[in-house]
Amino acid sequence: MTQHTGDFSEKEMMAVFFTRDMKDGEIVCSGANTEICFASCFLAQKMHAPNLILTLGANCFYCNVSDRDCTLYPSSGDYRNIQWAESRYQHPDIFNFLPRADHWFVGGNEVDKYGNTNMMGVGYDPVTRRWKFRGPGGVGIIDVSALVKDNYVFVMRHDRRTLVDKVEYISAVGFIDGPGARERLGLLGNGPRYIATPKAVFDFHPETKRARLFKLMPGVSLDWVVKNTGFEIVMPGGKVGEVEPPTLEEITILRSIDKLGLCRK
Amino acid sequence: MSSKRKEKLVSVEEAARVIKDGMTIIVGGLLSVNHSMAIIRQIIKNGTKDLTVIGAASTGLEVDLLIGSGCTRVVNTSYLSGEHFIGVGPCFRRAVEKGEVELWEQSEGGLYSGLRATAIGLPFMPIRGGIGTSLTELNPEIKVFNDPIKGEPLIAVPAIKPDVALIHVQRADVYGNGQHLGGIHGDRLMAEASDTVILTADRIVSNEVIRQNMYMTTIANAEYVVETPFGSHPFASQGMYAEDEEHLAEYVAAAEKHRQGDSTDFKKYLDKYVYDPPTHEDYLEVIGLKKLLALQRVYDYFLT
């Protein structure tokens with residue numbers, strides 16, 4: 001029987017959730033400052049996907065750690081990640097393989113019910129050209145979201161300011177305003193696959209393209225998620241289950257990678 | 001007429017004087033690595049004004065400093081972040097929220113496509129990324145058009161043409177050949193699209209060393225070469241030394257207070273690290289030999 005552990009952090013649970021979704025041989029890409037993303041890829045390479053390739057966007061490395069001990073560093077731009085690399089590219093060349101990449105991690109200050117995310121900011125006044133709040137910017141995710149097979153959307157906060165009905169500005173395209181929008185604009189790929197938060201996971205209805213509650217993270221109540229989500233919660237069949245907690249094997253391997261405890265901070 | 005090849009080695013001060021008020025400069029590297037910081041500090045010291053600063057595809061705090069010190073009128077970036085130190089560059093955020101600098105909203109693919117357009121002599125390049133986003137609403141100079149082959153909406157990114165590229169490499173010779181000992185990031189394309197390349201190097205080596213490893217030469221024929229040991233500090237120089245986390249935390253704390261309206265610490269930071277040290281070597285003395293050696297050891301020892 002599989003042994004589970006009750007001792008895990010929200011970040012560890014999110015990483016394990018993504019690991020389980022990855023298939024052997026896929027190409028998965030991660031930008032900067034995203035410990036969950038590369039923790040989940042390294043874990044997948046050591047669990048069931050030894051041929052998965054992790055592309056570290058900020059370092060321009062193709063990484064595989066399936067056969068070696070490794071350490072997770074705070075930034076994917078950390079040069080010490082060269083230890084896990086077996087090939088590199090120039091940064092502009094990343095746009096040469098996006099249409100063949102499987103998943104890209106997409107973050108955001110805001111994410112809406114169609115999986116659009118906003119890293120640009122809120123409250124822009126085109127006359128004064130001032131922002132009320134300015135985020136870091138849309139980065140390469142602007143390009144990525146129009147080109148890769150699908151996106152893993154993730155946010156580190158679950159509240160009504162983060163999960164909103166409609167983002168003020170779209171920096172990464174999800175399903176935009178609903179069915180047919182991506183096709184009409186000629187975008188490649190299937191759009192977002194999941195939205196993962198520390199409290200829940202959403203997937204998307206195949207026809208309406210609306211986010212629906214897929215699973216609660218272990219121990220989180222439906223009531224809490226309804227109260228803290230800024231878009232209407234819909235559930236297939238009116239019921240929702242929990243994500244399976246990390247197994248002892250998953251958490252043991254994950255912590256052997258996360259030697260600095262970044263996912264436990 | 002002379003048959004002697006032109007040597008391009010200049011001082012930090014001479015190189016920084018190439019950058020005049022109102023010019024467009026592009027800063028190489030990516031996030032917290034490989035920036036020509038000795039030149040950037042000298043630009044600030046010179047009081048250079050009204051620059052259009054194009055950041056790397058993912059821009060780090062080097063451009064945040066150029067904004068906070070008042071040199072910048074327009075910033076062209078798709079992302080300006082201090083990574084795990086701070087999500088948004090504090091001076092960037094302050095300036096954009098107060099309307100003190102103009103933001104040329106951008107995407108990473110857009111930056112590279114705009115540079116490529118210049119490098120190959122086109123007025124624009126088409127890209128798909130950005131279709132369906134707010135990019136064209138926030139930047140009217142980036143336009144949607146219908147592709148004449150398949151009729152799909154695409155984005156036209158106008159050619160981006162920097163006057164000067166600041167590129168930092170680990171070693172270079174006096175003839176303007178530079179070699180990256182780690183990542184190249186977008187540096188080659190930046191150099192190819194710019195009128196003038198100022199190449200800073202942690203070490204100047206002989207032309208024979210460059211020739212022995214000719215396949216490693218990533219930047220060719222730069223107009224100016226500057227010897228700047230530890231010249232990317234407080235950022236990393238890949239293959240030579242790591243970023244100075246303590247220093248970056250000090251910068252971020254001071255800049256964040258500046259954003260919130262108390263500029264005392266930020267002014268102190270500028271005095272201590274930018275204005276007071278007369279030369280780059282004096283700056284390194286302020287940082288201290290022990291610290292610099294420790295940053296070097298991070299890379300020297302990580303494989304053991």
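Rules used in this analysis
Residues numbered from 1 in each chain as written. Chains lettered and ligands numbered in written order. Predicted model: local features only at pLDDT ≥ 70, side-chain atom pairs only at ≥ 80, totals over all residues. Heavy atoms only, no water. Helix = DSSP H or I, 4+ residues; strand = E, 2+ residues; numbered from the N terminus. Contact = heavy atoms within 4.5 Å. Buried area = accessible area lost by both parts, 1.4 Å probe. Salt bridge = Lys/Arg side-chain N within 4 Å of Asp/Glu carboxyl O. Polar contact = N/O pair within 3.5 Å; in protein donor to acceptor, adjacent residues only side chain to side chain. pLDDT = per-residue confidence, 0-100. Pairing = 2+ DSSP bridges. Axes fitted to C-alpha atoms, helices over the stretch in contact; angles between N-to-C directions. Parallel < 35°, antiparallel > 145°, perpendicular 65-115°, else oblique. Left-handed = near helix turned anticlockwise from the far one by under 90°. Nonpolar A, V, L, I, M, F, W, Y, C, P; charged D, E, K, R; others polar. Buried < 20%, exposed > 50% of the residue type's maximum accessible area, 1.4 Å probe, protein only. Phe/Tyr/Trp six-rings, centres within 6.5 Å; stacked < 30°, edge-to-face > 60°. Lys NZ or Arg CZ within 6 Å of the ring centre and 35° of its normal. Core = buried A, V, L, I, M, F, W, Y, C linked by side-chain atoms within 4.5 Å. Arc of directions from axis to C-beta.

### A closer look at the environment of Asp177 of chain A
All names here are of chain A.
Here is step 1: Tracing the backbone shows Asp177 in the loop between strand S11 (163–164) and helix H4 (181–184).
Here is step 2: Each C-alpha atom of the pair Asp177 and Thr208 lies 9.9 Å from the other, and the pair is 31 residues apart in sequence.
Here is step 3: When residues no more than four places from it in sequence are discounted, the contact partners of Asp177 are Tyr114 and Arg184.

### Quick notes on the interface of chain A and chain B
Here is step 1: Contacts between chain A and chain B engage 46 residues on the former and 56 residues on the latter.
Here is step 2: Together chain A and chain B conceal approximately 4,200 Å² of surface at their shared face, both sides included; 61% is due to carbon and sulfur atoms.
Here is step 3: It is Tyr79, Arg134 and Pro136 of chain A that lose the most area in chain A upon contact with chain B, and together they represent 16% of the buried surface on that side.
Here is step 4: For the pair chain A and chain B, the interface holds 2 salt bridges.
Here is step 5: Linking Glu105 of chain B and Arg134 of chain A is a salt bridge whose minimum nitrogen-to-oxygen distance equals 2.9 Å.
Here is step 6: Connecting chain A to chain B are 16 residue pairs in polar contact (both at pLDDT 80 or more).
Here is step 7: Of all the elements in the fold, those that place two or more residues in the side of chain A that touches chain B are strand S9 (130–134) and helix H3 (141–144) of chain A.

### A closer look at the confidence of the model for chain B
Here is step 1: Within chain B, residue pLDDT values average 96, and 98% of them lie at 70 or more.
Here is step 2: Of the two predicted TM-score estimates for the complex, the pTM is 0.95 and the ipTM is 0.93.

### Some thoughts on the sheet that holds strand S5 (residues 103–106) of chain A
Residues and elements named next belong to chain A.
Here is step 1: Judged by pairing direction, the sheet is mixed, and its 10 strands sit side by side in the order S4-S3-S2-S1-S5-S10-S12-S13-S14-S15 without closing on themselves. The outermost strands of the open sheet, each flanked by one partner alone, are strand S4 (85–88) and strand S15 (241–242).
Here is step 2: Alignment of strand S14 (residues 211–216) against S15, held across 2 bridges, turns out to be parallel. By the bridge assignment, Lys215 is partnered in S15 with Gly241.
Here is step 3: Here helix H2 (residues 35–47) sits on the sheet and contacts strand S1 (27–30), strand S2 (53–56), strand S3 (61–63), S5 and strand S10 (150–154); the angle it forms with S2, its principal contact strand, is near 155 degrees.

### Examining the packing of helix H3 (residues 61–68) of chain B against helix H4 (residues 90–98) of chain B
Residues and elements named next belong to chain B.
Here is step 1: Close contact between H3 and H4 brings their axes to 7 Å; oriented N to C, the two are set at 45 degrees. One element, H3, and the other, H4, form an angle in the oblique class. Crossing of H3 over H4 shows left-handed handedness. Touching Leu61, Asp64, Ile67 and Gly68 of H3 are Pro90, Cys91, Phe92 and Ala95, all from H4.
Here is step 2: Looking at the contact of H3 with H4, its residues break down into 6 nonpolar, 1 polar and 1 charged.

### Describing the pattern of salt bridges
Here is step 1: Per the counting criterion, the structure on display carries 29 salt bridges over all chains.
Here is step 2: Here Asp165 of chain A makes a salt bridge to Lys113 of chain A, at a shortest N to O gap of 3.0 Å. You can see Asp165 of chain A sitting in the loop between S11 and H4 and its partner Lys113 of chain A sitting in the loop between strand S6 (110–112) and strand S7 (117–118), a full 52 residues away along the chain.
Here is step 3: Asp165 of chain A sits in the partly exposed class, given a relative accessible area of 37%.
Here is step 4: Between Glu256 of chain B and Arg259 of chain B there is a salt bridge; the shortest N-O distance is 2.8 Å. Taken as a pair, Glu256 of chain B and Arg259 of chain B lie in helix H9 (residues 245–259) at a separation of 3 residues, close to a single helical turn. The burial state of Glu256 of chain B is the same as that of Arg259 of chain B; both residues are buried.

### Considerations on the packing of aromatic side chains
Residue and element names in this part refer to chain A.
Here is step 1: For the coordinates displayed, the defined rule picks out 25 aromatic pairs over all chains.
Here is step 2: Each ring, one from Tyr62 and one from Tyr89, has its centre 5.2 Å from the other, and the planes form 55 degrees; the classification is tilted. Of the two residues, Tyr62 sits in strand S3 while Tyr89 sits in the loop between S4 and S5, which places them 27 residues apart along the sequence.
Here is step 3: Residue classification places Tyr89 among the buried positions, given a relative accessible area of 6%.
Here is step 4: Judged by centre distance (5.6 Å) and plane angle (80 degrees), the ring pair of Tyr89 and Phe97 falls under edge-to-face.
Here is step 5: We classify Phe97 as buried; its relative accessible area is 8%.
Here is step 6: Sitting above the plane of the Trp224 ring, Lys199 keeps its charged end 5.4 Å from the centroid.
Here is step 7: Its guanidinium or amino end placed over the ring of Phe214, Lys215 lies 4.8 Å from that ring's centre, counting from NZ or CZ.

### Concerning the nonpolar core
Here is step 1: Core analysis: the largest hydrophobic core is formed by 181 residues, its most contacted members being Phe42 of chain A together with Ile25, Ile39 and Ile43 of chain B.
Here is step 2: The element best represented in this core is H2 of chain A, accounting for 8 residues.
Here is step 3: What Phe42 of chain A contacts, discounting residues up to four positions off in sequence, is Leu54, Cys63, Val65, Cys70, Leu72, Trp84 and Ile257 of chain A.

### Let's talk about helix H10 (residues 264–275) of chain B
Residues and elements named next belong to chain B.
Here is step 1: Taken together, the buried positions of H10 are occupied by Phe266, Tyr269, Leu270, Tyr273 and Val274. All buried residues of H10 fall inside an arc of 100 degrees around its axis, so they share one side. Exposed positions of H10 whose direction lies more than 90 degrees from the buried face are Lys267 and Lys268.
Here is step 2: Its buried side turned inward, H10 meets helix H2 (37–46), H3, H4, H9 and helix H11 (280–287).

### Topic: unusual backbone geometry
Here is step 1: The residue after His233 of chain B, namely Pro234 of chain B, is reached through a cis peptide bond having omega 10 degrees.
Here is step 2: With respect to the helices and strands, the residue Pro234 of chain B is situated in the loop between strand S12 (224–227) and H9.
Here is step 3: Within the chain, Ile176 of chain A stands out as a residue other than glycine whose phi angle is a positive 60 degrees.
Here is step 4: Assignment of secondary structure puts Ile176 of chain A in the loop between S11 and H4.

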